[in-house]
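Chain residues, written in single-letter form:
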Protein chains: 2
Amino acid sequence: MFEAAELGQKMSKAEFKEKAPLMRQKLLEAQRRLAEANFPVIILLSGVDKGGKGGTASILNTWFDARLLVTRAYDEPTQEERERPEFWRFWRDLPSKGSIGIFMSAWYSRPFLDHVFERSSDDHFSVEMERIADFERTLAHDGALILKFWLHLGKDAQKRRFEAFEADPLLSWRVRDQDWKHWERYEDFVASAEELVKRTSTGFAPWTIVEGEDENYRTMRICTSILEALDLRLKEAEREARHRREDAKRAAKEQDKKKNKKKKPDEENELALPEPATVLDTLDMSRSVTKKEYKVRLKELQGRLNELSRRARDEGVSTVLVFEGWDAGGKGGAIRRMLGGMHARNYQVISIAAPTDEEAAQHYLWRFWRHLPRAGRVSVFDRSWYGRVLVERVEGFARPKEWRRAYAEINDFEQQLVDHGDVVLKFWMHVTKDEQARRFEERRVTPHKQWKLTEEDWRNREKWDAYELAVNEMVERTSTKAAPWVLVEGNDKRYARLRVLEAVCDALERRLIRAAEAAEAPTEAGTTS
Amino acid sequence: MFEAAELGQKMSKAEFKEKAPLMRQKLLEAQRRLAEANFPVIILLSGVDKGGKGGTASILNTWFDARLLVTRAYDEPTQEERERPEFWRFWRDLPSKGSIGIFMSAWYSRPFLDHVFERSSDDHFSVEMERIADFERTLAHDGALILKFWLHLGKDAQKRRFEAFEADPLLSWRVRDQDWKHWERYEDFVASAEELVKRTSTGFAPWTIVEGEDENYRTMRICTSILEALDLRLKEAEREARHRREDAKRAAKEQDKKKNKKKKPDEENELALPEPATVLDTLDMSRSVTKKEYKVRLKELQGRLNELSRRARDEGVSTVLVFEGWDAGGKGGAIRRMLGGMHARNYQVISIAAPTDEEAAQHYLWRFWRHLPRAGRVSVFDRSWYGRVLVERVEGFARPKEWRRAYAEINDFEQQLVDHGDVVLKFWMHVTKDEQARRFEERRVTPHKQWKLTEEDWRNREKWDAYELAVNEMVERTSTKAAPWVLVEGNDKRYARLRVLEAVCDALERRLIRAAEAAEAPTEAGTTS
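Since we're looking at a predicted model, the values are computed, not measured.

**Q** So what about the relation of the copies chain A and chain B? Which residues, and what values?
**A** With an RMSD of 0.0 Å, the fit of chain A onto chain B corresponds to turning through 180° and sliding 0.1 Å along the axis. Expressed as an axis order, the relation between the two copies is that of a two-fold axis. Most of the interface of chain A is mirrored in chain B, where 98% of its interface residues are also at the interface.

**Q** Which residues make up the sheet that holds strand β1 (residues 41-47) of chain B, and what are the values?
**A** Residue and element names in this part refer to chain B. Here we have 5 strands laid out as an open sheet, ordered β2-β3-β1-β4-β5, and parallel in their pairing. The open sheet has two edge strands, β2 (69-73) and β5 (207-211), and neither has a second partner. For this sheet, the mean inter-axis angle between neighbouring strands, taken without regard to orientation, is 20°. Judged from the 7 bridges that link them, β1 and strand β4 (residues 145-152) form a sheet pairing that is parallel. When the sheet's bridge partners are listed, Val41 is paired in β4 with Leu145.

**Q** Break down the pairing of strand β8 (residues 378-382) of chain A for me, with residues and values.
**A** Residues and elements named next belong to chain A. For β8, the buried fraction is high: 5 of the 5 residues fall into the buried class. A two-sided burial pattern is seen for β8, the buried positions comprising Val378, Val380 and Asp382 on one face and Ser379 and Phe381 on the other. Pairing geometry for strand β6 (residues 319-325) and β8, over 5 bridges, is parallel. Across the sheet, the residue bridging to Val322 is Phe381, located in β8. One ladder, built from 5 bridges, connects strand β7 (residues 347-351) with β8; its direction is parallel. By the bridge assignment, Ser351 is partnered in β8 with Asp382.

**Q** Go over the sheet that holds β8 of chain A, please, and point to the residues and values.
**A** All names here are of chain A. Read from one edge to the other, the open sheet built from 5 strands follows the order β7-β8-β6-β9-β10, with strand pairing classed as parallel. Each edge of the open sheet carries a strand with a single partner, namely β7 and β10 (485-489). Here the strands of the sheet are splayed against their neighbours by 20° on average, with no regard to which way each runs.

**Q** A description of the interface of chain A and chain B should follow, citing residues and the corresponding values.
**A** The partner chain B presents 59 residues to the 60 residues of chain A that form the contact. Between chain A and chain B lies a buried interface of about 5400 Å² when both sides are counted; carbon and sulfur atoms form 54% of it. With a shortest N-O distance of 4.0 Å, Arg239 of chain A and Asp247 of chain B are connected by a salt bridge. Counting the contacts that link chain A with chain B gives 20 residue pairs in polar contact (both at pLDDT 80 or more). Of all the secondary structure elements, the ones that give two or more residues to the side of chain A that touches chain B are α1 (13-36), α6 (122-141), α9 (186-200), β5 (207-211), α10 (215-260), α11 (267-271), α17 (400-419) and α20 (464-478) of chain A. In terms of residues, the side of chain A that touches chain B owes the most to one element, α10 of chain A, which gives 11 residues.

Conventions adopted
- Residues numbered from 1 in each chain as written.
- Chains lettered and ligands numbered in written order.
- Predicted model: local features only at pLDDT ≥ 70, side-chain atom pairs only at ≥ 80, totals over all residues.
- Heavy atoms only, no water.
- Least-squares fit on C-alpha atoms with pLDDT ≥ 70 in both.
- Contact = heavy atoms within 4.5 Å.
- Pairing = 2+ DSSP bridges.
- Helix = DSSP H or I, 4+ residues; strand = E, 2+ residues; numbered from the N terminus.
- Axes fitted to C-alpha atoms, helices over the stretch in contact; angles between N-to-C directions.
- Buried < 20%, exposed > 50% of the residue type's maximum accessible area, 1.4 Å probe, protein only.
- Buried area = accessible area lost by both parts, 1.4 Å probe.
- Salt bridge = Lys/Arg side-chain N within 4 Å of Asp/Glu carboxyl O.
- Polar contact = N/O pair within 3.5 Å; in protein donor to acceptor, adjacent residues only side chain to side chain.

Set out below in structure tokens:
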């Protein structure tokens with residue numbers, strides 16, 4: 001695989017000097033076009049030690065307009081970072097639409113070294129490479145242009161580079177003992193690199209292998225690749241936009257034609273399945289508790305939660321709670337009663353409304369990644385990433401292929417939380433349509449509740465059936481053992497609040513028992529966090 | 001995940017009877033449109049025991065036109081099948097473009113049961129699910145519409161089904177002891193099913209979970225899904241065709257405009273990299289052997305190969321050899337000399353020319369899968385799947401995104417051969433451009449060689465540089481430790497033939513030593529075959 005990057009490719013200083021000004025001009029032009037476009041560019045530089053990653057990053061930083069460019073290198077994760085799933089820091093650093101992010105090895109680094117030094121099995125390495133491919137696929141589907149360069153040196157060439165650095169008193173610090181130690185395992189490095197490149201060279205995020213020895217050649221090779229790919233992608237974006245415009249025009253025309261035609265008896269309706277039952281129909285909506293019982297149980301449960309959340313804080317077990325439900329379904333009340341059992345420094349509530357400018361310029365999952373809790377804390381999402389498959393689906397804000405692939409993206413996201421050891425629990429606060437009407441009316445006539453009722457609530461209500469189907473599919477596709485949906489019978493507010501509190505307590509307790517068991521069996525302890 | 005399929009959904013007999021005729025008519029209409037279209041449909045039925053897979057397949061066979069439909073169920077692999085990589089039998093059975101294939105559990109069955117019964121680790125199960133996703137992605141990228149239905153029953157519902165069968169003397173044979181044994185592990189089944197559905201529910205091949213208890217409901221639900229998806233996909237195909245036509249028209253117009261304009265000095269050329277060196281430039285083309293030396297070495301090597309190929313036959317080690325190279329590069333001669341060392345019943349030579357009708361109606365890899373060798377045999381491909389990234393790329397027969405993703409598809413394909421224990425070796429028979437000219441001339445003037453020289457050879461020669469770049473990238477992306485490219489210096493035919501023979505011998509020998517070592521360490525024996 002790397003034979004083609006051990007050819008001794010070179011570019012003379014004179015030729016480089018002649019070409020550099022035009023290349024810089026072209027790169028700036030492309031960057032200007034990108035700023036107007038609606039996608040980010042991710043350039044990943046990786047490869048063997050001293051293959052020229054750092055030098056290349058410096059040049060790109062000089063040649064591009066640095067204001068629309070971020071460069072990220074990663075050390076051992078900080079305490080802050082270790083307290084979240086591994087990809088948290090990469091999500092945080094993603095470039096926004098119209099800008100460029102340069103990443104140094106980044107998400108490849110740790111899994112690669114683990115495999116080279118046989119800290120991970122071949123199967124586990126495959127799984128990790130697959131997680132990376134999923135991550136890159138998620139970004140690419142959202143439009144990101146992903147270019148990955150593997151800077152290669154032959155074994156002798158690498159030795160020469162080390163020796164050249166060491167011979168220069170000003171640069172000798174750049175070669176560390178570790179570099180020579182790695183060099184002795186050169187063959188292991190190359191074998192793992194081959195697997196890495198093979199498994200993550202996808203259509204949407206291909207690797208380009210670049211011979212790293214000659215700086216001028218390497219620089220021009222990478223810049224040419226970036227330029228070509230960027231130009232192609234910009235043209236593609238224009239073409240897609242044109243197709244969308246043309247399709248919309250055509251659709252509008254056909255709509256007009258239909259209007260003028262008389263309606264035929266609709267065959268499709270004859271084939272419709274019987275009114276589909278949904279998981280929501282299985283709920284016993286008559287459930288309720290008396291006021292007296294409620295007062296006692298509420299105190300009990302809040303006390304229990306307080307105890308559990310302290311232990312979770314001590315153990316570093318984080319919790320992610322999601323609340324979705326009908327308008328006036330009782331989300332807010334349930335959240336407040338639950339939080340009544342916890343110390344304020346242990347939780348944060350994230351209310352999800354329309355995205356900010358900054359959020360809109362990123363992948364839709366980005367805004368949720370940034371709010372993940374630190375170790376031992378609780379993040380409560382009042383509405384969440386499920387908006388993608390609920391409101392965005394029903395209102396047509398997301399295209400069918402966008403919300404359809406969101407199920408897999410969401411499962412993957414939550415799996416990373418679970419793998420990190422977090423408790424993940426999702427609540428659907430359910431009320432019947434009649435009960436919602438009653439509550440709307442109550443809000444309408446009660447002065448201090450009027451602000452809660454908006455035009456939008458009425459509009460959403462008209463789409464009740466469409467939402468019900470969306471909820472059913474959401475539960476079917478995303479309720480997993482590790483991150484289940486709890487469907488809460490909410491016609492009686494008191495019952496609903498206790499139900500939520502109890503579910504949170506139960507889940508926390510189960511997780512803490514597992515943590516305790518893991519602590520007792522020290523060989524397995526590493527797998528739970 | 002399965003809550004939404006335990007709702008007790010039903011359709012009355014009367015309603016079913018009323019709807020069935022229209023559904024059948026609609027399905028037949030869709031099938032007729034499909035026959036004109038250029039993609040296959042893969043319907044996969046899987047799920048819990050007695051969930052209704054068989055019944056559904058029967059109905060689909062009755063309602064669709066059975067002439068354009070194949071149904072495949074799989075038992076334990078036969079001897080024939082075990083001698084090839086696991087996916088061989090699935091590739092063999094794929095429906096051709098315009099037709100429908102119904103698959104019963106198929107590629108999911110073995111990995112699923114291995115995981116349920118803890119014969120495979122979680123990591124290994126992930127790797128296997130990923131291989132399935134890759135397989136389905138490969139087919140979907142080629143246009144296949146893939147619909148997967150998971151027929152679910154709740155634990156009680158499954159028990160009821162078993163008991164209902166047992167109560168009927170005519171049907172009681174359908175419930176075996178094994179079914180009840182599985183039922184006792186119901187929770188393990190469902191846990192593995194959740195993982196399976198989660199990991200392989202992709203945008204291009206989603207699972208639909210269907211409640212299996214009521215036959216009428218289940219049938220109508222599946223038929224409705226098929227109808228909707230098929231209609232959507234047919235419309236999409238039409239839309240894509242329209243976009244292609246419009247783009248082609250626009251491109252032609254722009255071409256005309258350009259022609260009429262005066263040429264500007266071409267900036268792009270100023271930026272061109274120095275004449276790129278390729279791996280082919282590293283070859284020492286002066287290598288040769290004397291006639292005398294050749295005669296001796298040829299006999300020696302053929303004898304060695306004879307011995308090795310007998311041992312491989314005994315050990316059941318299969319070999320896949322690929323020959324690519326320039327026209328008049330000496331492929332044919334090298335293949336013949338090599339086969340001189342083997343018994344004719346041990347090998348087959350597959351000469352790849354234009355695909356047959358049957359082959360053209362399948363994924364481009366299909367025609368190669370069907371020719372994989374049985375255990376211990378040798379398949380020699382004279383030209384191969386690499387046509388995708390050579391001639392199809394250079395001549396524009398494959399679109400850029402098609403040949404770009406072919407690298408990953410090919411690596412995946414060859415990895416399956418390697419995982420199955422096969423020897424995989426690929427030869428590029430290289431001659432210099434001058435030497436090719438000399439050979440063409442020789443063919444032109446030698447009466448018994450004239451048939452070998454065609455117009456196409458001259459046309460290919462004009463594209464020498466483009467082919468060189470394609471070869472370089474092919475080697476870069478597909479030469480792996482397990483399935484390497486051997487670049488053969490072929491200006492001297494004798495040298496080239498010995499080089500090929502030697503490489504085959506060496507590879508076989510290494511593989512047989514590994515097999516012997518594995519046999520001595522019995523715990524690892526299972527992993528080599």
